Amino acid sequence: MAKRYYLTATLPDGYVKTIGPTATAFTHYWRIVATLANGRTEVFWGHTKSLAEAKGKRAALADAARQRGWTNHVFEIVEVERRAG
């Protein structure tokens, strides 16, 4: 059985996301905070195995914003810290 880890992502606004336990070698966490026309927010997030994979999520943002009617959005990527589970 593969060794399992907990992953912790700390975003610039202080939000902390813990992922795990997982044996997958995730390296980065990404988050989109979107503002809707009515002022409410939607949050989308995920984790990836490389920085390049995380940056690739940015490519679909313009289409997503248009389709979902976002008035604004913030896309963030942070490296995760791994600790034994």
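Asks: An account of the sheet that holds strand S3 (residues 28–36) is requested, with residue identities and associated values reported.
Replies: Read across the open sheet, the 3 strands follow the order S4-S3-S5; overall the sheet is antiparallel. Every other strand in the sheet has two partners, leaving strand S4 (41–48) and strand S5 (70–79) as the edge strands with one partner each. Shown here is a sheet whose adjacent strand axes are inclined to one another by a mean of 15°, direction ignored. Both S3 and S4 contribute to a ladder of 8 bridges, which runs antiparallel. By the bridge assignment, Thr-35 is partnered in S4 with Thr-41. Contacts between helix H2 (residues 61–68) and the sheet are confined to S3, S4 and S5, with S5 contributing the most and set at about 145° to the helix.

Asks: Please set out the side chain of Thr-8 residue by residue, giving values where relevant.
Replies: The residue Thr-8 is located in strand S1 (residues 5–10) in this model. Its relative accessible area of 17% is what places Thr-8 among the buried residues. Other than its neighbours up to four places away in sequence, Thr-8 contacts Val-16, Lys-17, Thr-18, Glu-79, Val-80, Glu-81 and Arg-83.

Asks: Which residues make up the nonpolar core, and what values do they have?
Replies: Formed by Trp-30, Ile-32, Ala-34, Leu-36, Leu-61, Ala-64, Ala-65, Trp-70 and Phe-75, the largest nonpolar core amounts to 9 residues. The element best represented in this core is S3, accounting for 4 residues.

Asks: I'd love a proper account of the packing of aromatic side chains, names of residues and values included.
Replies: One pass over the full model with this rule turns up 3 aromatic pairs. For the ring pair Tyr-29 and Trp-45, a centre distance of 5.9 Å and an interplane angle of 25° mean the geometry is stacked. Of this pair, Tyr-29 sits in strand S3 while Trp-45 sits in strand S4, and the two are 16 residues apart along the sequence. According to the relative accessible area criterion, Tyr-29 is buried, its value standing at 1%. Note on Trp-45: relative accessible area 40%, which makes it partly exposed. Taken together, a centroid distance of 5.8 Å and an interplanar angle of 35° make the contact between Phe-44 and Trp-70 tilted. Note that Phe-44 is positioned in strand S4 and Trp-70 in strand S5, a separation of 26 residues in sequence. Positioned above the aromatic ring of Trp-45, the side-chain terminus of Lys-17 is 4.0 Å from the ring centre. Seen from the ring of Tyr-5, Arg-82 lies directly overhead, with NZ or CZ sitting 3.9 Å from the centre.

Reading the values: the criteria
Residues numbered from 1 in each chain as written. Predicted model: local features only at pLDDT ≥ 70, side-chain atom pairs only at ≥ 80, totals over all residues. Heavy atoms only, no water. Pairing = 2+ DSSP bridges. Helix = DSSP H or I, 4+ residues; strand = E, 2+ residues; numbered from the N terminus. Axes fitted to C-alpha atoms, helices over the stretch in contact; angles between N-to-C directions. Contact = heavy atoms within 4.5 Å. Buried < 20%, exposed > 50% of the residue type's maximum accessible area, 1.4 Å probe, protein only. Core = buried A, V, L, I, M, F, W, Y, C linked by side-chain atoms within 4.5 Å. Phe/Tyr/Trp six-rings, centres within 6.5 Å; stacked < 30°, edge-to-face > 60°. Lys NZ or Arg CZ within 6 Å of the ring centre and 35° of its normal.

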